[in-house]
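Summary of the model geometry
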Amino acid sequence: MARVDDESDRLYLGYDLTIVEYEDGDTFEQDGHLVTVKRLDHRFPSYGFRIEAPERPGALRVDKVKALGIPSGPIYRTIKQSDTFEFEGKTYASKEYVTDAVPGPIVAILGDTVPCPNASILAAGVDVLVHEATFMQAEAKLARQYGHSTTVEAATLANTAQVGRLIVTHISARYQGRDEAFVDEVRSVFPDSHVASDFFEFTVGD
């Protein structure tokens, strides 16, 4: 292979590129979200991610605050953001005037995999599970041969993990024109399911 020494022959990226390596069991925080990484079961290295959004503050109990005689104003924000607040010379515990914090939404995104324990761990109780379903159940042997899951296997995990909603991806091209049958098979096991397609969008949380 010829060596390239001429600066004009080199390739450059027009943007910064950050490479982050991870291993099975790693956890890290990104933009306030806790990310858990686990290796899945595929012919090649494949990983799944559990992404937990931070808690959202509770709502102000306006009726209780007004019962103290406190009018609307900046003090409402102080009550929500501080452990205590003062009004007319008295100190109050803010938690008595704010509802409990609301857990943030949780999403699990699984790469290529056959059913495995780590997939179950990542999916447990999530609001949205994104799971590959390369084959329909009739091609289960092919799915196992190539290290993939079927529609029924993805939907079964959604059931056992008690997830809120399932989105299946990585659909084999062999099912083009059979969209309705594919969707029906997934929903026959887990009704609250969607089959992703190009430009599919789904909003998680508020």
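Okay, so let's go over this structure. It should be emphasised that the depicted structure is a prediction, and the values quoted were computed from it without experimental measurement. (Residues numbered from 1 in each chain as written. Predicted model: local features only at pLDDT ≥ 70, side-chain atom pairs only at ≥ 80, totals over all residues. Heavy atoms only, no water.)

**Some thoughts on the nonpolar core**
The cut-off we apply is this: Buried residues of nine kinds, namely Ala, Val, Leu, Ile, Met, Phe, Trp, Tyr and Cys, make up a nonpolar core once their side-chain atoms join them within 4.5 Å. Exposure is judged per residue with a 1.4 Å probe applied to protein chains only, and the accessible area is read against the type maximum: over 50% gives exposed, under 20% gives buried, and values in between give partly exposed. Segments assigned H or I by DSSP are reported as helices when at least four residues long, segments assigned E as strands when at least two residues long, and all are numbered from the N terminus. Throughout, a contact is declared for two residues whenever any of their heavy atoms are within 4.5 Å.
With 26 residues, the main nonpolar core has L110, L129, L157, V163, L166, V168 and F182 as its most contacted residues. Residue assignment for this core shows that the elements contributing at least two residues are β6 (106-110), α3 (117-123), α5 (151-160), β8 (165-169) and α6 (179-189). Among the elements that line this core, the one with the most residues is α5, at four residues. Those residues in contact with L110, other than ones at most four positions away along the chain, are L40, Y47, G48, A119, L122, L129, V130, H131, E132 and L157.

**Notes on the environment of D100**
Here D100 is to be found in the loop between β5 (90-93) and β6. On the basis of relative accessibility, which here comes to 64%, the residue D100 falls in the exposed class. Sequence separation of D100 and G58 is 42 residues, and the distance between their C-alpha atoms is 5.0 Å.

**Focus on the environment of P71**
If you trace the backbone, P71 turns up in the loop between α1 (62-67) and α2 (75-81). What P71 contacts, discounting residues up to four positions off in sequence, is Y76 and F87.

**Thoughts on the sheet that holds strand β3 (residues 47-52)**
As a general point, the strands of a sheet are linked pairwise by backbone hydrogen bonds and lie either parallel or antiparallel. We count it as follows: Paired strands are those between which DSSP finds at least two bridges. Axis lines are fitted through C-alpha atoms, for helices just across the contact stretch, and the angle between N-to-C directions can take any value from 0 to 180 degrees.
The mixed open sheet is built from seven strands, whose spatial order is β1-β2-β3-β6-β7-β8-β9. Sheet topology places β1 (27-30) and β9 (193-195) at the edges, where each strand pairs with a single neighbour. Looking at each pair of strands side by side, their axes are set apart by 20 degrees on average, direction ignored. One ladder, built from five bridges, connects strand β7 (residues 128-132) with β8; its direction is parallel. Bridging across to β8, E132 finds its partner in T169. Contacting β6, β7 and β8, α5 runs over the sheet at an angle of about 155 degrees to β7. Most of the contacts of α6 go to β9, to which it runs at about 155 degrees, and overall it touches β8 and β9.

**Observations regarding a nonpolar patch on the surface**
The line we're drawing: The residues that make up patches have over 30% relative accessible area and no salt bridge, and they are joined within 9 Å when like-charged or within 5 Å when they are Val, Leu, Ile, Met, Phe, Trp or Tyr. Reported accessibility uses the Shrake-Rupley method at a 1.4 Å probe radius. Residues are deemed covered only where the shown protein chains occlude them. For this analysis, a salt bridge means a side-chain nitrogen from Lys or Arg found within 4 Å of a carboxyl oxygen belonging to Asp or Glu.
A cluster of nonpolar residues, L13, Y15, L17 and I19, forms a patch on the protein surface that exposes about 500 Å² of accessible area. Relative to the helices and strands, L17 resides in the segment before β1.

**Thoughts on unusual backbone geometry**
Not every positive phi belongs to a glycine, and Q162 is a case in point at roughly 55 degrees. Mapped onto the elements of the fold, Q162 is located in the loop between α5 and β8. The residue H170 is not glycine, and still its phi comes out positive at about 60 degrees. Residue classification places H170 among the partly exposed positions, given a relative accessible area of 40%.

**Observations concerning the packing of aromatic side chains**
Keep this limit in mind: Aromatic pairs are defined between Phe, Tyr and Trp rings, using the six-membered ring for Trp, whenever the two ring centres lie within 6.5 Å; interplanar angles under 30 degrees are classed as stacked, those over 60 as edge-to-face, and all others as tilted. For a ring to carry a charge above it, either NZ of a lysine or CZ of an arginine must fall within 6 Å of the ring centroid while also lying within 35 degrees of the normal to the ring plane.
Applying the stated rule across the entire model yields six aromatic pairs. When the ring of Y92 is compared with that of Y97, the centres are 6.0 Å apart and the planes differ by 90 degrees; the resulting orientation is edge-to-face. Among the residues examined, Y92 registers a relative accessible area of 18% and is labelled buried. Plain terms: the ring middles of Y175 and F182 are 5.3 Å apart, the flat faces sit at 55 degrees to each other, and that makes the pair tilted. For Y175, a relative accessible area of 3% puts it in the buried group. Ring pairing ties together the aromatic residues Y22, Y47 and F49, which thus form one cluster. Residue placement shows K64 over the ring face of Y97; its charged tip is 5.1 Å from the ring centre.

Keep in mind these numbers describe shape, not what the thing actually does.
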